Amino acid sequence: MIKKAIFPVGGLGTRFLPATKAMPKEMLPVVDKPLIQYAVEEAAEAGVEEFIFVTGRNKTAIEDHFDHSFELEATLGAKGKDEALDLVKDMLHNPGSVFYVRQQQPAGLGHAVWCARHLVGSEPVAVLLADDLILGASCVKEMVDSYKGGNMVAVMDVPHQQTGSYGIVKPGTDDGRIVQVEGLVEKPDPSSAPSNIAVVGRYIITPEVFETLAAQERGAGGEIQLTDALAKQIGKAPFTGVRFSGERFDCGSKLGFLQANVAFGLNNDQMRDELHDWLGERLG
Ligand code: UTP
């Protein structure tokens, strides 16, 4: 049903400097895969066939990552390293199904998404932020499976005192999994937060959102915000939040990134036992 996905990767990643000075944040690896590859695989699992990357300066490593590396493939082939060769070949998508558009300045997530408008057309599209990494079932697939039109966000319940770090939903009816979104507040103080239901970086948006984004209105931080454009659609189109089954890690922060590496390491058959023992010794 959702055939296209946008991956905004045009941000500066300032919280991760100096690592992100010359390397995109989205290429940071969790165990053995860059963040962006997890996001692409999650979208592919949901049936997405066209992958649109909104890039910026210093992001060419992402284009190279999703392309043939003839020298590497030839060398692995000549050395008989078939498993490694399959690994680098299997992750390639059909020719013509990967698109790149450049966000000329990091003017915000809404601006990045808007830059992809000519590649999207008149159908709903998924948006995935690779720095929100999800361990478990494909979050986008869970969203697509529940999608009945309109706009949709992935949501999770956060401790009340953390509402100031997230976009927070003003909920309507809520069956424990699907919540109707009646309002969105960006990073509210716990004292004024309408709930503790937080938006994470997975969206399905309708073409009308691009029309709203075209007004280029600046919001928090002087940036063009996707949540502001989504909030403007409330009342005009259905807007739902989906509580997903996986566990989300904020890999845009150093602590979240380290936690993701430990959690994905403990989830990996080849390293679980050794990592578990090492952590046990380390923590006494
Ligand atoms: P963040 O809010 O994490 O911003 O963006 P950032 O610039 O990447 O990182 P910090 O805060 O400076 O450390 C969330 C997502 O939106 C993309 C980012 O690449 C990231 O995937 N983004 C953000 C853009 O594509 N363009 C922008 O102008 C801003």
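Parameters and conventions
- Residues numbered from 1 in each chain as written.
- Predicted model: local features only at pLDDT ≥ 70, side-chain atom pairs only at ≥ 80, totals over all residues.
- Heavy atoms only, no water.
- Near = heavy atom within 4 Å.
- Polar contact = N/O pair within 3.5 Å; in protein donor to acceptor, adjacent residues only side chain to side chain.
- Areas by Shrake-Rupley, 256 points an atom, 1.4 Å probe, with all protein chains shown as cover.
- 1 Å grid on protein atoms, 1.4 Å probe; cavity = no way out; pocket = protein on both sides within 12 Å on 5 of 7 lines; lining within 4 Å.
- Sits in = over half its atoms within 2 Å of the grid points.
- Nonpolar A, V, L, I, M, F, W, Y, C, P; charged D, E, K, R; others polar.
- Phe/Tyr/Trp six-rings, centres within 6.5 Å; stacked < 30°, edge-to-face > 60°.
- Helix = DSSP H or I, 4+ residues; strand = E, 2+ residues; numbered from the N terminus.
- Buried < 20%, exposed > 50% of the residue type's maximum accessible area, 1.4 Å probe, protein only.
- Lys NZ or Arg CZ within 6 Å of the ring centre and 35° of its normal.
- Salt bridge = Lys/Arg side-chain N within 4 Å of Asp/Glu carboxyl O.

### Regarding the site of the ligand
At step 1: Close to the ligand lie 17 residues, the nearest being G10, T14, R15, K25 and G108.
At step 2: The contact in question runs from an oxygen atom of the ligand to an N or O atom on the backbone of G11, over 2.9 Å.
At step 3: When the free accessible area of the ligand is taken as 560 Å², the share hidden by the protein chains comes to 82%.
At step 4: Placement of the ligand is best described as lying within the largest pocket.
At step 5: Here the shell around the ligand is composed, by residue class, of seven nonpolar, six polar and four charged.

### Thoughts on the packing of aromatic side chains
At step 1: Counting across every chain of the model gives seven aromatic pairs.
At step 2: On the numbers, 5.2 Å between centres and 25 degrees between planes, the contact of F7 with F53 is stacked. Taken as a pair, F7 in strand β1 (residues 4-8) and F53 in strand β4 (residues 50-55) lie far apart in primary sequence, 46 residues in all.
At step 3: A residue is classified by how much of its surface remains accessible, and F7, at 0% relative accessible area, is buried.
At step 4: Assessed through its relative accessible area of 1%, F53 is described here as buried.
At step 5: R117 extends its terminal NZ or CZ atom over the ring of W114, reaching a point 3.7 Å from the ring centre.

### Comments concerning unusual backbone geometry
At step 1: The peptide bond linking L17 to P18 adopts the cis configuration, its omega dihedral lying at 5 degrees.
At step 2: At V31, a residue that is not glycine, the phi angle is positive and equals roughly 60 degrees.
At step 3: Relative to the elements of secondary structure, V31 occurs in the loop between β2 (29-30) and β3 (33-34).
At step 4: What makes V31 partly exposed here is its relative accessible area of 28%.
At step 5: You will see that Q216, though not glycine, has its phi angle at about 60 degrees, which is positive.
At step 6: With respect to the helices and strands, the residue Q216 is situated in the loop between α8 (207-213) and α9 (226-231).

### Thoughts on the pattern of salt bridges
At step 1: Evaluation of the coordinates by the stated rule reveals 13 salt bridges.
At step 2: Among the salt bridges present, the one from K187 reaches E186, with a minimum N-O distance of 3.2 Å.
At step 3: Take K187: its relative accessible area is 48%, and that puts it in the partly exposed class.
At step 4: Judged by relative accessible area, which is 28%, E186 ranks as partly exposed.
At step 5: Across the salt bridge formed by R272 and D269, the nearest N and O atoms sit 3.0 Å from each other.
At step 6: Take R272: its relative accessible area is 32%, and that puts it in the partly exposed class.
At step 7: For D269, a relative accessible area of 64% translates into the label exposed.
At step 8: Each of K4, E50 and E123 takes part in a single network of salt bridges with overlapping partners.

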